[in-house]
Amino acid sequence: MLPVPGRPPGRPPYRRPRALVLVLLCLLLAGCGSGSPAGTGTGTGAPSASVEPAERDVRRAVAAWSAAPPAALAAIPLEGWSYEVTTVRVDGVRAFVRAELRYRLTGYDAAPAGSAREMELAHEGGSWAVTADRPAPGALPQLWDQGPVSVARGAHALVLGGAGQDSASLSAIAAEADEAVPAASAAWPRPWAGRVVVLVPGSLDAMAALLGRPAEEYRGLGAVTTGRTGAGPAPADRVVVNPEGYGQLTAEGRQVILTHETTHVATRAATTSRTPLWLSEGFADWAAYRDSDRTPAEVAPSLARAVRRGDLPGDLPGAAAFAFGGDADALARAYEGSWLACRLIARRWGEAALVSLYERAGRDSLPTAVQDALGTDPGGLTRAWKEDLAREFR
């Protein structure tokens, strides 16, 4: 939980569910499509001679139709655009095709992003023509499936806005992302792309549709991040903005949110299932507040209140503490405590030690990572953290 600077009294805190804020094991925005069965994909190549004539003609029609992105997407910097047909069903003068769309955002995607698609074709005038292209059943939509897409560019950011987003708002987000990228790089001095793609759907409901979850789960969020954890090419790391929640933030709050999410993108390759949630979320918050002059009591009000009433946490936040849909104040304390743990590590052992701990925790056991990076054990770290909480909030 990252308390939002300047949040009006009484407004619910902005939650960051672990399942969506850090990274998803499946590429949410890519539609989670499976690969093509052997021998079924044709791309733009010629169909096999064993394919029935009608199916062959359908495949050729799809290949011709998908040779380049639609004119409506001309403003989006796309490359490698292709549809790989996986199945074809011909029913008289209609045909139904399943295919995998592959593309890259030029200068941003290190590997192709993907999307499972379903197309309809009609046979008219002696030839087949594509009449519909939509997400395959069970697949998630692309932003352009929801209507026209606008584009704003920054020095380090590409912002894609959904239907109804105005150019001024998108340009402002691009400028904010341009500040978030160097801030994330300063906190994470390791190689990463140094650029970010931000999606701004037209509404909260549109955001929920892109991510495949109920809209209510995102109502209190400013933004979420999607992608895959672990090393290797990252085809589709995206920061997805909640246009309702983000629009209610102060300028400082927007910057904190974008820096937090951009830090998740920066640290993606070092983040694995081994990485404790308190470390991944706490590090992102530490990066976001690294140059802030706000006091711990201002950044962590929920935890400050708890400690002052004698409710000192017994341990660093566990995975269950980051579950969304429950007690918002408890979730806030989990995020705040995680930030304060990373802040303590950076101050006592040094920023380089915090970065080393993050790297090691993604590949080693936590006791080994803590010992190697900090020269102590998890118990010693926890005691130091609790002492720091008691001192800060006495």
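Before any of the text, the structure's been laid out above.
Predicted, not measured: the structure shown is a model, and the values here were computed from it. (Residues numbered from 1 in each chain as written. Predicted model: local features only at pLDDT ≥ 70, side-chain atom pairs only at ≥ 80, totals over all residues. Heavy atoms only, no water.)

Section: the sheet that holds strand 6 (residues 157–161)
Here's step 1: Taken together, the five strands give an open sheet; going across it, the order is 5-6-7-9-8, and neighbouring strands pair in mixed fashion. Looking along the sheet, the strands with just one partner apiece sit at the ends: strand 5 (150–153) and strand 8 (223–226). Sheet twist, expressed as the average angle between the axes of neighbouring strands with direction ignored, equals 20 degrees.
Here's step 2: Here two bridges tie strand 7 (residues 196–200) to strand 9 (residues 238–241), and the two strands are oriented parallel to one another. By the bridge assignment for strand 9, Val 198 is matched with Val 239.
Here's step 3: Each of strand 5, strand 6 and strand 7 is contacted by helix 3 (residues 167–187), which is oriented at about 150 degrees to strand 6, the strand it contacts most. (Pairing = 2+ DSSP bridges. Helix = DSSP H or I, 4+ residues; strand = E, 2+ residues; numbered from the N terminus. Axes fitted to C-alpha atoms, helices over the stretch in contact; angles between N-to-C directions. Contact = heavy atoms within 4.5 Å.)

Some points on the pattern of salt bridges
Here's step 1: Taken as a whole, this structure holds 22 salt bridges when the rule is applied.
Here's step 2: Put simply, Arg 213 and Glu 217 hold a salt bridge, and the shortest N to O gap is 3.0 Å.
Here's step 3: Overall, the relative accessible area of 32% leaves Arg 213 in the partly exposed class.
Here's step 4: Residue class for Glu 217 comes out buried when judged on its relative accessible area of 19%.
Here's step 5: The partner of Arg 268 in a salt bridge is Asp 237, and the shortest N-O contact between them spans 3.2 Å. Of this pair, Arg 268 sits in the loop between helix 6 (251–266) and helix 7 (277–289) while Asp 237 sits in the loop between strand 8 and strand 9, and the two are 31 residues apart along the sequence. Asp 237 matches Arg 268 in its accessibility class, with the two residues each being buried.
Here's step 6: Shared partners join several salt bridges into a network, and the residues in it are Arg 94, Arg 98, Glu 118, Glu 120 and Arg 134. (Salt bridge = Lys/Arg side-chain N within 4 Å of Asp/Glu carboxyl O. Buried < 20%, exposed > 50% of the residue type's maximum accessible area, 1.4 Å probe, protein only.)

Digging into the packing of aromatic side chains
Here's step 1: Counted under the stated rule, the structure contains 11 aromatic pairs.
Here's step 2: An angle of 90 degrees between the planes, with centres 5.7 Å apart, marks the rings of Trp 188 and Phe 283 as edge-to-face. In this pair, Trp 188 is assigned in the loop between helix 3 and strand 7 and Phe 283 in helix 7, connecting sequence segments 95 residues apart. The burial state of Trp 188 is the same as that of Phe 283; both residues are buried.
Here's step 3: Put simply, the rings of Trp 65, Trp 81, Tyr 83, Tyr 103 and Trp 144 touch in pairs and so form one group of aromatic residues.
Here's step 4: Its guanidinium or amino end placed over the ring of Tyr 108, Arg 195 lies 6.0 Å from that ring's centre, counting from NZ or CZ.
Here's step 5: Sitting over the ring of Trp 349, Arg 348 keeps its end group 5.6 Å from the ring centre. (Phe/Tyr/Trp six-rings, centres within 6.5 Å; stacked < 30°, edge-to-face > 60°. Lys NZ or Arg CZ within 6 Å of the ring centre and 35° of its normal.)

Nothing here speaks to function; it is all geometry.
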